[in-house]
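# Chains, contacts and geometry: an overview
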Amino acid sequence: MQYRTLGRTGVHVSSLALGAMNFGAIGRTTQDEATAIVDAALEAGVNLIDTADMYGQGDSEEMVGKAIAGRRDDIVLATKAGMPMGDERNHQGGSRRWLFTALDDSLRRLGVDHVDLYQIHRWDPSTGDEETLSALTDLQRAGKIRYFGSSTFPAYRIVQAQWAAQSHHLSRYVTEQPSYSILQRGIEAHVLPVTEQYGLGVLAWSPLASGWLSGAIREGRDITTHRSTILPQRFDLSLPANRARLDAVERLAKVADEAGLTMIQLALGFVTAHPAVTSAIIGPRTLDHLRAQLAAADTVLSADVLDAVDAIVAPGVDLAAHEKFDTPPALLDPSLRRR
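Here's what I pulled together on the structure shown here. The structure displayed is predicted, hence computed values, not measured ones.

So, on to the overall build of the chain. A count of helices and strands for the chain gives twelve helices and ten strands. By the compact-globule yardstick of 20 Å for 339 residues, the chain fits well, its C-alpha radius of gyration being 19 Å. Projecting the C-alpha coordinates of the chain onto the three principal axes gives extents of approximately 55 × 55 × 40 Å. Taking all 339 residues of the chain together, the buried fraction comes to 54%. By sequence separation, contacts in the chain at least 24 residues apart represent 79% of the contacts at least 6 residues apart. Put simply, the chain has 33 plus and 41 minus side-chain charges, and the middle of one group is 4 Å from the middle of the other.

So, in C-alpha cells, the structure goes:
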C-alpha cells in the first residue's frame, strides 16, 4: 500500500480508501459482510474509511461504527452530510441548523466522539459559504471534527469557498471529493488545477466508473452488474454515450492485456497516478470485489500505458458529461437563465 499526505494536513492516508456506500440497503451488504470487508481492508493497509449519513439513510454509518469498534484510533474516519435525510425540508443542506444536528446524528451512529474529516456532500446553492464555513469551524473548535472538506463541488465554488474562508477568518475546506475515472476526466480541466493551487487533498470517487472499468462489462456480454440493476439507463447500449463508453472499454482492455494488468489495476492505477489525487475510493460490495481492487494497491503505470490511455480518452474529456453532479443550477433549471 502507498501512503500520501492528505493535502496540507500532515495526515498520512492510504492511496486506496474504503468507501462504505454499499454497506446496508444500497449494496444489500450485511453487518457480518461489512465487518469482513473492513477487516480485510485494514489488514491490507487501508487506513481511510469514507461513508455518509445518506448511505442507506444511516445504515452505512451504523455498520462502519460496529466494524471499527475498538480500533477507531488507527483509522482516518470520514463522513458526509448535506443530502436529504428524510422528507423534512430542513433535514438537508449546509445550514448551521442542519449541520449541527446531522453531525451529532452521525457521531451517534458511528459510535465515536469525533470524525477526522467531515465533508459537505454537495454544494448547497441556497446557503451562503460563510454560513456553512462558520458552522464547520465551530464544530471543529468543539472537537467534533478534525478537518472538513467538500464533495463534488464545481471548480468555481471551490475557489469561492476558499476566498470566503479567508475573508471571514474561518477555517477552510482542506479536501475535495470529485468523481474521477478514465471515462470521466473532465475534472482534469478545471477542478484538479484548483485543488493543486489551494493545496487540497483529493479523494476520487467512482474510479471504476460505476463498474464500466471493472472488467465485467465487455462487448457481447449481457450487463448484469449490481449497479446496472439500480441505474439501467447508464448501461443502455442504445444510447450514444454508453456506446462510446463500451468502445473505450474494449480499447482499454487491450492496453491492460498488453501491460499484464487487470482492468481494475489499469483503472485504479490511472486515478492514483495523477499528482493531484491523494486516494481513490473503492466501494466493494463483496470480499471478492475488495481483493480484486486491493491488487491495484501497488500498481504504478508506465508512461507508455498512460499515453495509450490518453489516446483512447483525451485528457479533460467526460464520455458521459450528462452524469456529472457538479453542473451549475442554471444549466438544469431554465428559469435561472432567463429574465
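Now that the structure is up, let's keep going.
Our focus in this paragraph is the nonpolar core. Within the largest apolar cluster, 86 residues are counted, with the highest numbers of intra-cluster contacts made by Leu 183 and Leu 266. Once you skip the residues sitting within four places of it in the chain, Leu 183 turns out to touch Ala 209, Trp 212, Leu 213, Arg 245, Ala 248, Val 249, Leu 252, Val 313, Val 317, Asp 318, Leu 319 and Ala 320. With eleven residues, the next largest nonpolar core counts Leu 6, Ala 17, Ala 78 and Leu 117 among its residues.

Throughout the structure, instances matching the rule amount to five aromatic pairs. An aromatic cluster of at least three residues, connected via ring pairs, comprises Phe 148, Phe 153 and Tyr 173.

Roughly 1200 Å³ of internal volume is contained in the largest pocket. For the lining of the largest pocket, the secondary structure elements donating two or more residues are helix H7 (226–230), helix H9 (263–273), strand E10 (279–282) and helix H10 (287–294). Taken together, the residues that form the lining of the largest pocket break down as 21 nonpolar, 18 polar and nine charged. In this structure, the second largest pocket spans a volume of roughly 410 Å³. If you trace the second largest pocket, you find 22 residues lining it, with Gly 82, Arg 122, Trp 123, Asp 124 and Pro 125 closest to the centre. When the residues that make up the lining of the second largest pocket are grouped by side-chain class, the tally is eight nonpolar, ten polar and four charged.

Bringing the sheet that holds strand E6 (residues 115–120) into the picture now. Strand order around the closed barrel formed by eight strands is E3-E4-E5-E6-E7-E8-E9-E10, with parallel pairing between neighbours. Ignoring which end each strand starts from, the neighbouring axes of this sheet average 30° apart. Taken together, the two bridges between strand E7 (residues 145–151) and strand E8 (residues 175–177) define a ladder with parallel strand orientation. Bridge pairing in E8 links Ser 151 to Gln 177.

Relative to the helices and strands, Ser 15 resides in the loop between strand E2 (12–14) and strand E3 (16–19). Non-local contacts of Ser 15, meaning those with residues more than four positions away in its chain, are made with Met 1, Gln 2, Arg 4, Thr 272, Thr 278, Ser 279, Ala 280 and Ala 297.

Moving on, we get to the pairing of strand E9 (residues 201–204). Side chains of E9 alternate between two faces, with Gly 201 and Leu 203 and Val 202 and Ala 204 buried alike. Pairing analysis gives two bridges linking E8 to E9, with the strands arranged parallel. Along E9, the bridge assignment pairs Thr 175 with Gly 201. Regarding the hand of the β-α-β motif, the stretch spanning E8, helix H6 (residues 191–198) and E9 is right-handed.

Turning next to the environment of Val 317. Within the secondary structure layout, Val 317 lies in the loop between helix H11 (303–312) and helix H12 (329–332). Discounting residues that sit within four places of it in the chain, Val 317 has contacts with Leu 183, Gln 184, Arg 185 and Gly 186.

What follows concerns the pairing of strand E5 (residues 76–81). In terms of burial, E5 is largely enclosed, as six of its six residues are buried. Burial of the side chains of E5 extends over both faces: Val 76, Ala 78 and Lys 80 are buried on one face and Leu 77, Thr 79 and Ala 81 on the other. With respect to chirality, the unit in which strand E4 (residues 48–50) leads through helix H2 (residues 59–68) into the neighbouring parallel E5 is right-handed. Looking at chain direction, E5 and E6 are connected through four bridges and run parallel. In the strand pairing of E6, Ala 78 is matched with Leu 117. One crossover worth recording links E5 to the parallel E6 by way of helix H3 (residues 96–110), and it is right-handed.

So, on to the pattern of salt bridges. Throughout the structure, instances matching the rule amount to 16 salt bridges. Ionic pairing is found between Arg 109 and Glu 61, a salt bridge with its closest N-O pair at 2.7 Å. Placement of Arg 109 in helix H3 and of Glu 61 in helix H2 is noted, with a sequence separation of 48 residues between them. Accessibility classification places Arg 109 together with Glu 61 in one group, the buried group.

With that settled, the discussion passes to the packing of H9 against H11. Helix-helix packing is characterised by the crossing angle of the two axes and by the distance between the axes. The contact between H9 and H11 brings their axes to 11 Å, and the two run at 100°. Between H9 and H11, the angle is such that the two are roughly perpendicular. Of the residues in H11, those in contact with Leu 266, Phe 270 and Ala 273 of H9 are Val 305, Leu 306 and Val 309. Residues that form the contact of H9 with H11 fall into these classes: six nonpolar, no polar and no charged.

Conventions used here
All residue numbers refer to position in the chain's written sequence, counted from 1. Thresholds applied to this predicted model are a pLDDT of at least 70 for local features of residues and 80 or more for the giving and counting of side-chain atom pairs; totals over whole chains, interfaces and linings are not thresholded and use all residues. Only hydrogens and water are removed before side-chain values are computed, so all heavy atoms of the structure are retained for them. Put simply, DSSP H or I for four residues or longer makes a helix, DSSP E for two residues or longer makes a strand, and each gets a number counted from the N terminus. With C-alpha atoms as the basis for the radius of gyration, the globule rule is written as 2.2 Å multiplied by the number of residues raised to the power 0.38. Burial classification: accessible surface area is computed with a 1.4 Å probe over protein chains only, and a residue below 20% of its type maximum counts as buried, one above 50% as exposed, and the rest as partly exposed. The contact criterion used throughout is that any non-hydrogen atoms of two residues lie within 4.5 Å. Under the convention used here, Asp and Glu are negative, Lys and Arg are positive, and both His and the chain ends fall outside the count. Taken as the charge location is NZ of Lys, CZ of Arg, CG of Asp or CD of Glu. For our purposes a nonpolar core is just a set of buried Ala, Val, Leu, Ile, Met, Phe, Trp, Tyr and Cys residues, chained together by side-chain atoms within 4.5 Å. Pairing of aromatic rings covers Phe, Tyr and Trp, the last through its six-membered ring, and needs centres within 6.5 Å; plane angles under 30 degrees mean stacked, over 60 mean edge-to-face, and all others mean tilted. Only protein atoms enter the 1 Å grid used here. Points where a 1.4 Å probe fits but cannot escape make up a cavity, open sets with protein on both sides within 12 Å along at least five of seven lines make up a pocket, and a residue lines them when an atom lies within 4 Å of a point. Grid points are joined across faces, edges and corners, and a volume is the space filled by probe spheres set on the points. Under the scheme applied here, ten amino acids are nonpolar (Ala, Val, Leu, Ile, Met, Phe, Trp, Tyr, Cys and Pro), four are charged (Asp, Glu, Lys and Arg), and all others, including Gly, are polar. Strands qualify as paired when DSSP identifies two bridges or more between them. Where helices are involved, their axes are fitted lines through C-alpha atoms of the stretch in contact, as for all axes, and angles between N-to-C directions lie from 0 to 180°. When the strands point away from the viewer, a crossover counts as right-handed if the route from the first strand across the helix to the second turns clockwise. Salt bridge, as used here, is a side-chain nitrogen of Lys or Arg placed within 4 Å of a carboxyl oxygen of Asp or Glu. Geometric relationships in this document are graded by angle, where less than 35 degrees denotes roughly parallel, more than 145 denotes roughly antiparallel, 65 to 115 denotes roughly perpendicular, and other angles denote oblique.

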